[in-house]
Amino acid sequence: MPYLLFRLRGFVYPYVLMDLLDLLVTFGAAMTPIGELRLAIPLAIGKYGIAWYVALPIAVVGNMVPVLILLPGLQGLSRILSSFPNPAGKLLAWQEDRLRRVQSRRFERYGSMALVVLVAIPLPMTGAWTGSLAAWVFGIPPRRAIPWIAMGVLMAGLVVTAVTLSGIALGKIILVD
């Protein structure tokens, strides 16, 4: 089996010696509700020097972990949070109302496939967390929602990776001494 190599801080290593902490930080950053792939991929490629073909799958898998927890658990969490006044319950209700107001037409027209578009656009208030919440709001069962969200996460990952690599290349051109 040939060893795949990567370049980090001027040295070439086999993957088995890759800095595990950098990979774990990338994985964890992809799990955050605000950062998701928009944070994890530029962090991995730009700061840690991880090759894009390693950063992308780690970030995508990290971004899917909360989906696998949120989709089955949102119904119960909603019941608990709405049973007493609290800021988290108000935030959940606000996000639910916002999703219904902004996305209802798209979900009426395209059904569960609308999750791909919602998740694939790497902008604020979109992504896997919002897609999971939208699946719950519009009553899409987890077994149907997970593949559509995964497809959107992969598409968003490819977009963020391309933009990150383009930005790094452009920065090297502009900032040449």
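Check the entry above for the structure.
Structure report, in brief. Going along each chain's sequence as written, the residues are numbered from 1 onward. Where local features are concerned, this predicted model is filtered to residues with pLDDT of at least 70; where side-chain atom pairs are given and counted, the filter is 80 or more; whole-chain, interface and lining totals use all residues. Derived side-chain values reflect all non-hydrogen atoms in the structure, with water molecules and hydrogen atoms excluded from consideration.

Moving on to the overall build of the chain. Helix and strand assignments follow DSSP, with helices taken as H or I runs no shorter than four residues and strands as E runs no shorter than two, numbered in order from the N terminus. From N to C terminus, the chain includes seven helices and two strands. Contacts in the chain between residues far apart in sequence, at least 24 positions, make up 67% of those at least 6 positions apart. The contact definition used throughout considers only heavy atoms, calling two residues in contact when any of these lie within 4.5 Å.

What follows is about the side chain of Gln-95. Tracing the backbone through its elements, the reader meets Gln-95 in helix H4 (residues 87–110). In this structure, Gln-95 is in contact with Met-125, Thr-130 and Leu-133, ignoring residues within four places of it in sequence.

Attention now moves to the side chain of Thr-161. Here Thr-161 lies in helix H7 (residues 142–174). For Thr-161, the contacting residues outside a window of four places in its chain are Ile-41, Ile-45, Trp-52 and Leu-56.

Just to be clear on terms, a salt bridge is a Lys or Arg side-chain nitrogen sitting within 4 Å of an Asp or Glu carboxyl oxygen. Applying the stated rule across the entire model yields one salt bridge. As a salt-bridge pair, Glu-96 and Arg-100 come within 3.4 Å of each other at their nearest N and O atoms. In this pair, Glu-96 and Arg-100 are both assigned in helix H4, four residues apart and thus about one turn of the helix distant. The cut-offs for exposure are 20% and 50% of the maximum accessible area for each residue type, with area from a 1.4 Å probe on protein chains only; residues under the lower value are buried, those over the upper are exposed, and the others partly exposed. With relative accessibility at 21%, the residue Glu-96 sits in the partly exposed group. Classification of Arg-100 as partly exposed rests on a relative accessible area of 37%.

Before going further, it helps to examine a nonpolar patch on the surface. Nonpolar side chains (Val, Leu, Ile, Met, Phe, Trp, Tyr) within 5 Å and like charges within 9 Å form the patches, drawn only from residues with over 30% relative accessible area and no salt bridge. For every accessible area listed, the method is Shrake-Rupley and the probe measures 1.4 Å; residues are considered covered only by the protein chains on display. Residues Leu-20, Leu-21, Leu-24 and Val-25 make up a contiguous nonpolar surface patch of about 380 Å² in total accessible area. Within the secondary structure, Leu-21 sits in helix H1 (residues 20–31).

Quick look at the nonpolar core now. In summary, soluble globular proteins display a tendency toward joint burial of nonpolar side chains. Counting residues in each nonpolar core, the largest one holds 43 residues, and the members touching the most others are Leu-115, Ile-149 and Val-153. Residue assignment for this core shows that the elements contributing at least two residues are H1, helix H2 (36–47), helix H3 (52–82), H4, helix H5 (114–120), helix H6 (128–137) and H7. Considering every element that reaches this core, the biggest residue donor is H3, with twelve residues. For Val-153, the residues in contact, after removing those within four places along its chain, are Leu-37, Val-60, Asn-63, Met-64, Val-119 and Ala-128. Here, the term nonpolar core denotes a set of buried Ala, Val, Leu, Ile, Met, Phe, Trp, Tyr and Cys residues that are joined through side-chain atoms within 4.5 Å.

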